[in-house]
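Each chain is listed here by its residues.
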Amino acid sequence: MTVEITSPEELRELLGTPNQRALAKERTVLHARDREWLAASPFCLVATAGADGSCDVSPKGDPPGFTLVLDEATIAIPERPGNRRADGYRNILANPHVGLIYLVPGRTDTLRINGRARLVRDAPYFADMVVKGHRPVLAVEVAIEQIFYHCAKAFLRSQLWQPQTWQPDVLPSRARLVKEVEAPTESLADLERHYGPHYVQTIYS
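Model, not experiment: these values are computed from the prediction. (Residues numbered from 1 in each chain as written. Predicted model: local features only at pLDDT ≥ 70, side-chain atom pairs only at ≥ 80, totals over all residues. Heavy atoms only, no water.)

## Some details on the nonpolar core
Taken as a class, soluble globular proteins show a tendency for nonpolar side chains to be buried jointly. Stated formally: By nonpolar core is meant a set of buried Ala, Val, Leu, Ile, Met, Phe, Trp, Tyr and Cys residues that side-chain atoms within 4.5 Å join together. Relative accessibility thresholds used throughout: buried, under 20% of the residue-type maximum; exposed, over 50%; partly exposed, between the two (1.4 Å probe, protein chains only). Elements are defined by DSSP. Helices are runs of H or I of four residues or more, strands are runs of E of two residues or more, and each kind is numbered from the N terminus. Any two residues whose heavy atoms approach within 4.5 Å at even a single point are treated as in contact.
Core analysis: the biggest nonpolar cluster contains 22 residues, and Ile-75, Ile-77, Leu-100, Tyr-102, Ile-113 and Val-140 have the highest contact counts within it. Elements represented by at least two residues in this core include exactly helix H3 (32-40), strand S1 (43-49), strand S4 (74-79), helix H4 (87-94), strand S5 (97-103), strand S6 (110-120) and strand S7 (138-150). If one sorts the elements of this core by residue count, S7 sits on top with 5 residues. Setting aside residues up to four positions removed in sequence, Leu-100 forms contacts with Leu-45, Val-46, Ile-75, Ile-77, Leu-111, Arg-112, Ile-113, Asn-114 and Val-142. Leu-68, Val-120, Ala-123 and Ala-139 belong to the second largest nonpolar core, which has 8 residues in total.

If you want it as structure tokens, here you go:
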């Protein structure tokens, strides 16, 4: 029998009350250590929600420090060429609230930022976002409303950074996944060529 949780009171009774440190760790402006974390991070997850409540989480990655700090409460994330679906960006146009999680490889804690976003098609700081000669397609500016560090437990439980636990070959290759799930009429040989060395060489163009 499935038992659903239907109220905040029931949820709190089940999970208990957060300790004072967890409650007090939220901030609204960047600390010097936050700036260091952003300078070291090559990867973040961007969560958005549309006006109808539908959600999206998009990964963003670039060389460490790809997120620019514009001031003590504003950051900017560059957009590179992708699949052009723009799910998260369409959400931002309808609902500016975003949630970000910044990872540093090997670290089991993460930096979390929540705030209000806007899309910028050009700005003077785009010159500081050039990678391999390519300017960003656009940038997401985030006005920070909440920032804090998240504990390590999820990464410790999953052993995410432990190479001895990695099993990438337990799943089909990217080309085979596309063939089986997304594009059954396309040639596997063509897909393997597409996702081969050439794919890596064209990620900024």
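## Some thoughts on helix H1 (residues 8-15)
Of all 8 residues that make up H1, 0 are buried, and the element is exposed over most of its length. Phi turns positive one or two residues past the end of H1, at Gly-16, with a value near 90 degrees.

## Details of the packing of aromatic side chains
We count it as follows: Planes of paired rings set the category: under 30 degrees apart is stacked, over 60 is edge-to-face and the rest tilted, where pairs are Phe, Tyr or Trp rings (Trp by its six-membered ring) whose centres lie within 6.5 Å.
One pass over the structure, following the stated rule, counts 5 aromatic pairs. Look at Phe-155 and Trp-161: their rings are 6.1 Å apart centre to centre, the planes differ by 15 degrees, and that puts the pair in the stacked class. By relative accessible area, which is 16% here, Phe-155 ends up buried. Where Tyr-195 meets Tyr-199, the ring centres are 5.1 Å apart and the plane angle is 55 degrees; that geometry is what we call tilted. Take Tyr-199: its relative accessible area is 38%, and that puts it in the partly exposed class.

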